[in-house]
Amino acid sequence: MLEGKKFFIQTFGCQMNLNDSEHVASLLLQEGAHQADTPEKCEIILINTCAVREKSVEKLFSYLGRLKEHKANRGSIIVCLGCVAQLYREKLLSKFPYLDLVVGPAQYQELPLLLSDSFRQRAAITRWTKGWVELPIMAVVRESQVSAYITIMEGCNNFCTFCVVPFTRGREKYRPLSAIQEEARQLAESGFLEIQLLGQNVNSYRDPESGAGLAELLKKISEINQIQWIRFLTSHPRNFSFEMALAMASSPKVCHQLHLPVQSGSNQVLARMNRNYSREDYLEKISWLKSLMPDISLSTDIIVGFPGETDDDFQQTLELVDQVQYTNIFSFRYSPRPLTRAASFKDDVPAEVKIERLIELQKRQKEIQLKVNGEMLGQKQKVLALGQSKKGNLYTGRNEAYQVVNFSSRRELTPGFVEVKIVGGGAYSLKGEAVC
Ligand code: SF4
């Protein structure tokens, strides 16, 4: 249907969006289209979008603005996918008159038809589906040759007051365990060594056929011989159980690494965020994890300047960060998102205070990372080499803690596991030498 057409996909946002883009590309390739690395000579330009923060939407709007001239010169079909598509729907078509299609995450299976010459009409296709929709793809084209994402669930039922995800991805839908297992098996046969299981709230995963949860799924994937590392994200602290911590600790293939978004260290703020756990609950889970896996690497998300956040609340967040000693944090200034409950709260933390808090938090975390990374000097670590680094003649990969390791090697390497001696690094990455 799309024989010979060239397409380009620009992806904004999280790993789920990256994985969605891989699926969309695979669908179009299956129809005879060709993927390009730049938009210049393409008949179809797809933009996979993120709505989680105001800044990401602003970035998208500026990108779309730049495509106006491209549309005038080349007449390419311009398509907006993802969370912004689902959130703004027809409004995007009015804001950007040169945009052709707006397609929500539940409708990607329609793309080959929507993009075909016989269809050709401006439209916003953003219907929800009730259950999991398996895309009709023979084989997914992956960015990496050794590490693959598998989406296991989509949507969220938690309705944190700041979060737009339940409105862009809908209620939770779970992919059948048998389909996940089959995809993992095929990946293993093609040489993949690491699987990352994805979803907005993976700890609430339930196989629609048997009711088996994430711990059971991890066990099944661990049984596939060639797969050596398994990771999963994102975990909501409320749904992260002791059983899950035990499942991680007892499987030699599940990496001792966990992203557990705390968002705030203050109970007052957590309650206003509707997170359904307290600071004490969260820290108790951290202490299980550390006692079961003393080498665990933890990362988190933190929002500063949430409505009503006082100096004392913020200090509690800093204290929590000091106590947990995260390997990495993703920190943001609060911005109200459409349709969320918090959008009706008084956004009463002045912009300059939000900036000051963000700078202070990031400075404190940088000191922690410098200390944590400094302690790794001289260690020999197992690293999954992914390819050449952008910096110089180095290779790049990730260690079990999911930290970036840039390293030299005396022999030529192909993607795969390699032992690396850590010889340096800063707060955000490590430097090493391959042990030949
Ligand atoms: S659990 Fe995560 S995805 Fe769900 S509403 Fe809360 S922040 Fe959003």
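Residues numbered from 1 in each chain as written. Predicted model: local features only at pLDDT ≥ 70, side-chain atom pairs only at ≥ 80, totals over all residues. Heavy atoms only, no water.

1. Comments concerning the sheet that holds strand 14 (residues 328-333)
Just so we agree on the cut-off: Two strands are counted as paired when DSSP detects at least two bridges linking them. Each helix is a run of DSSP H or I of at least 4 residues and each strand a run of E of at least 2, with the numbering of both proceeding from the N terminus. Axis definition: a line fitted to C-alpha atoms, over the contacting stretch in the case of helices. Angles run 0 to 180 degrees between N-to-C directions.
Pairing within the open sheet is parallel, and its three strands lie in the order 12-13-14. Since the sheet does not close on itself, it has two edges, and those belong to strand 12 (257-259) and strand 14, each with one partner. Between one strand and the next, the sheet's axes are offset by a mean angle of 10°, whatever the strand orientation. With six bridges joining them, strand 13 (residues 297-304) and strand 14 adopt parallel strand pairing. Paired with S299 across the two strands is N328, which belongs to strand 14.

2. Examining the domain arrangement of the protein
Often, the extent of an interface is quoted as the loss of accessible area upon association of its parts. The following threshold applies: Domain borders in the structure are assigned automatically or taken from a domain database. In this description, contact between two residues means that some pair of their heavy atoms is separated by no more than 4.5 Å. By buried area we mean the combined loss of accessible area, with a 1.4 Å probe, across both parts when two parts are placed together. Think of a salt bridge as a Lys or Arg side-chain nitrogen and an Asp or Glu carboxyl oxygen that are within 4 Å of each other. In protein, a polar contact requires one atom able to donate a hydrogen and another able to accept it; more generally it is a pair of N or O atoms within 3.5 Å, and residues adjacent in sequence count only if both atoms are side-chain atoms. Polar here means any residue outside two lists: the nonpolar Ala, Val, Leu, Ile, Met, Phe, Trp, Tyr, Cys and Pro, and the charged Asp, Glu, Lys and Arg; Gly therefore counts as polar.
Taken as a whole, the protein is organised into domain 1 (6-125), domain 2 (147-373) and domain 3 (380-434). Relative to domain 2, the C-alpha centre of domain 1 lies at a distance of 28 Å. Domain 1 puts 17 residues into the contact, and the matching count from domain 2 is 18 residues. For the pair domain 1 and domain 2, the summed buried area comes to about 1700 Å², and 58% of that belongs to carbon and sulfur atoms. One can count one salt bridge joining domain 1 with domain 2. Here R169 and D20 are joined by a salt bridge, their closest N and O atoms 2.9 Å apart. Counting across the domain 1 and domain 2 interface gives seven residue pairs in polar contact (both at pLDDT 80 or more). Here the side of domain 1 that touches domain 2 gets seven residues from one element, more than from any other, and that element is helix 1 (residues 15-30). Tallied by class, residues from the side of domain 1 that touches domain 2 come to nine nonpolar, four polar and four charged.

3. Let's talk about the nonpolar core
Filter applied, for reference: Take the buried Ala, Val, Leu, Ile, Met, Phe, Trp, Tyr and Cys residues and link them wherever side-chain atoms come within 4.5 Å; each set so joined is a nonpolar core. Three exposure classes are used, based on accessible area relative to the maximum for each residue type with a 1.4 Å probe and protein chains only: buried under 20%, partly exposed in between, and exposed over 50%.
Ranked by size, the top nonpolar core spans 69 residues in total, and within it I152, L197, F232, L289 and F407 carry the most contacts. For this core, the domains that each give at least three residues are domain 2 (147-373) and domain 3 (380-434). Core analysis: the next-biggest nonpolar cluster, separate from the first, contains 27 residues, L64, A85, Y98 and V164 among them.

4. Some points on helix 11 (residues 279-292)
To be explicit about the condition: Take the number of residues in a helix, subtract one, and multiply by 1.5 Å to get its expected span.
Here helix 11 is 14 residues long and its end C-alpha atoms lie 20 Å apart, about the 20 Å a rise of 1.5 Å per residue gives. Where helix 11 is concerned, the buried positions are R279, Y282, L283, K285, I286, W288 and L289. Buried residues in helix 11 make contact with helix 9 (242-250), strand 12, helix 10 (267-272), strand 13 and helix 12 (311-324).

5. Things to note about the side chain of S235
In this structure, S235 sits in the loop between strand 11 (229-233) and helix 9. Reaching out from S235, the side chain makes a polar contact with the side chain of N203 at a distance of 2.6 Å. Leaving out residues up to four positions away in the same chain, S235 has contacts with V202, N203, F240, L258, H259, L260 and P261.

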